[in-house]
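# Architecture and fold: a report
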Amino acid sequence: MPQRLKFFLHNRKKIWQSRRSLRSRFVYYLASLFLVGVTSLLLLLNAIGVLQPLNYDLERFMNYELDAHTNDIKRQLDSLAAHNTDLSQQLANEIEQTMYMFGLGTDFAKLNDNPQVLSAIQERSYNVLTSKMQQSPCSGVLYLVDASINTKMPTKTYNGMFLKYTNIHSENTLFNEICMFRGSPELARQKNISLYSTWQLELDTNAFPQTTQLLQGEHDSPDFLLTDVARLRESWERSRLFVMPIISSSGKAIGLCGFEISSVYFQQRTRNADYKGYPLITAILDKKNDTQYSGQLSSSAWQSDALLNFSKDKDYVYFTSGSNSFIGKMQSLDIGGTEHQIAVLLPRESYDALLAQARWRLALLLSFLLVLSIGSCYFLSKKYVEPIISDLQQLQSNPDAAPQSNLLEINQFFDFLQSKSQQQEEKLRQLSKERNAVQQQYGLAATRLKDAQSRQQAIAEQYKALEEQLHTLKSEMEQARQQMAQALQEKEQAQQQFNFAQTALDKVVAKKLQIIDHDSYKMFIDSLSTLTTKEKEIFDLYTQGLSTKDIIAQQQISENTLKYHNKNIYSKLGVKSRKELLQYIELMRNTR
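Since this is a predicted model, take the numbers as computed values, not measurements.

How two helices pack is summed up by the angle between their axes together with the distance between the axes. Relative to each other, helix H4 (residues 55–101) and helix H5 (residues 115–135) sit at 160°, their axes nearing to 9 Å. With respect to each other, H4 and H5 are oriented roughly antiparallel. Where H4 crosses over H5, the handedness of that crossing is right-handed. Along the contact surface, H4 presents His83, Asp86, Leu87, Gln90, Leu91, Glu94, Ile95, Gln97, Thr98 and Met101, while H5 presents Val117, Ala120, Ile121, Arg124, Ser125, Val128, Leu129, Lys132 and Gln135. Taken together, the residues that form the contact of H4 with H5 break down as nine nonpolar, six polar and four charged.

Moving on to the pattern of salt bridges. By the definition in use, this model includes 20 salt bridges. Between Asp352 and Arg348 there is a salt bridge, and its shortest N-O distance comes to 3.4 Å. Here Asp352 and its partner Arg348 are both found in helix H9 (residues 348–397), four residues apart, which amounts to about one turn of the helix. Take Arg348: its relative accessible area is 31%, and that puts it in the partly exposed class. Taking the shortest distance from any N to any O, the salt bridge between Glu535 and Lys572 comes out at 2.8 Å. One end of the pair, Glu535, is in helix H12 (residues 533–543); the other, Lys572, is in helix H14 (residues 559–573), with 37 residues separating them in the sequence. For Glu535, a relative accessible area of 4% gives the class buried.

What follows is about the environment of Gln213. Note that Gln213 resides in helix H7 (residues 211–215). Separated by 32 residues in sequence, Gln213 and Pro245 have C-alpha atoms that sit 9.7 Å apart.

Below, the discussion takes up the layout of surface pockets. For the second largest pocket, the calculated volume is near 200 Å³. Per-class residue counts for the lining of the second largest pocket are three nonpolar, five polar and three charged.

Reading guide: rules and limits
Residues numbered from 1 in each chain as written. Predicted model: local features only at pLDDT ≥ 70, side-chain atom pairs only at ≥ 80, totals over all residues. Heavy atoms only, no water. Axes fitted to C-alpha atoms, helices over the stretch in contact; angles between N-to-C directions. Helix = DSSP H or I, 4+ residues; strand = E, 2+ residues; numbered from the N terminus. Parallel < 35°, antiparallel > 145°, perpendicular 65-115°, else oblique. Left-handed = near helix turned anticlockwise from the far one by under 90°. Contact = heavy atoms within 4.5 Å. Nonpolar A, V, L, I, M, F, W, Y, C, P; charged D, E, K, R; others polar. Salt bridge = Lys/Arg side-chain N within 4 Å of Asp/Glu carboxyl O. Buried < 20%, exposed > 50% of the residue type's maximum accessible area, 1.4 Å probe, protein only. 1 Å grid on protein atoms, 1.4 Å probe; cavity = no way out; pocket = protein on both sides within 12 Å on 5 of 7 lines; lining within 4 Å. Points joined across faces, edges and corners; volume = space filled by probe spheres on them.

Everything listed here is a matter of geometry and, on its own, says nothing about what the molecule does.
Right, dumping it as structure tokens:
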């Protein structure tokens, strides 16, 4: 016979009695009452909207989609960056070779007002642009040089070529037709491509002011950038450009090249996921200010230039524009020298519909649990609670009768009362005998008691006086002890604050010493003596934390003069930028 079966048979009486115990039945009843209370509370919270049964699953789904779309956009831009680097090199070679063919050398200023050379550059660059356009994930390709056919025009324009796909219907653009948005019309006729409905000869960069920094070749300009979305001039299309400078063999920026990502192409390329039958919208957003964004949305119904008003809470971000409202997740994406936001959005009406469905399902489940728990409470009350009440009432009226509930604790309680009653009767007989003996001794004790009371009164008066003195001394000692403890605590807190500040300062200095090259820093310190008086004054103002505008105002110099002094200071001290200068200054303060 198995060991477990033997154990059960041997202890079956105890097991049966435990099942009949008051404790087990009371636990069942309390559990049912607790379930009623919990389900009622959850139903109330669900009804007033405190519970959000949709959020966990929706947040997880949105976060997954956000990561997937962010990685996909990163891959697209990485591919564009690789193609753009190759395109820039090829265009630089074509431009320089064309200039040598016409005997212009490397004087790029001679391209201005020279339509023959500029047209030749476009003709040589056409195959390069179309080839890269077909290889790259984009809706168009462009280049421009810092030159114009007519420099006397009131608005500055740049000569170049901008080719676009027509009638984009899918991500695959291999077999789409090409049209010319900007460029030479003779070249368009030669290549048998149509002109865009709002064609112009040269490009105007006013719609994308971010490209000016690259075009001018500023010292701190990024290698490439993704512009904010904007409406192309004299066009219904909204696009953004992924551009980088065209660098000549001498290292000078002579123009720009890059790819276009139109809103239509972005919508065709982006695959929107469905959440329980409701499509999510993917967006690349550009921050205008703290509360407004613009950008490209993967919804084909969104082609508006309107700004999206932004707000957020701990769970979601919210965008509204007119009657359109979205809820979703968003994360930053740094692209070259620009920062954009990738967002996965759900229209607010879709979210409200999903939330209503989730709340109805939860309400039905909780209602079923509530009905089940109420029924359980009623059953346990009838089966367990009422027999116990009957036994208690019987105990008051007839304690000698046997209990009716047949509960282990009730039976034991009745047995205990009967044995207790017999013991009480025996004690009463013994107490009666003892009472007679005590009464005889009472008279003698009363006399002794009076003498003792008089002596006790005198001693009590002395004790009261001593107790008052002792209380006064204890109060004074307690005050002195509290003052001493407070002083020790304040000393310990002050020492801890000092140690913490000293440790933090040591860590900061050590960290900065690890980051900064010691030899460069030493050269920086040694070279301070080489500064002129004026340069030393400007350097001291930097150490005081003044900004560029404050220094110009205090020294009463122009911005170009300050740039001149900065250049000399950087050169003498061996630093490359104002940021590196400020890092050395901060380290110099901390190590003094």
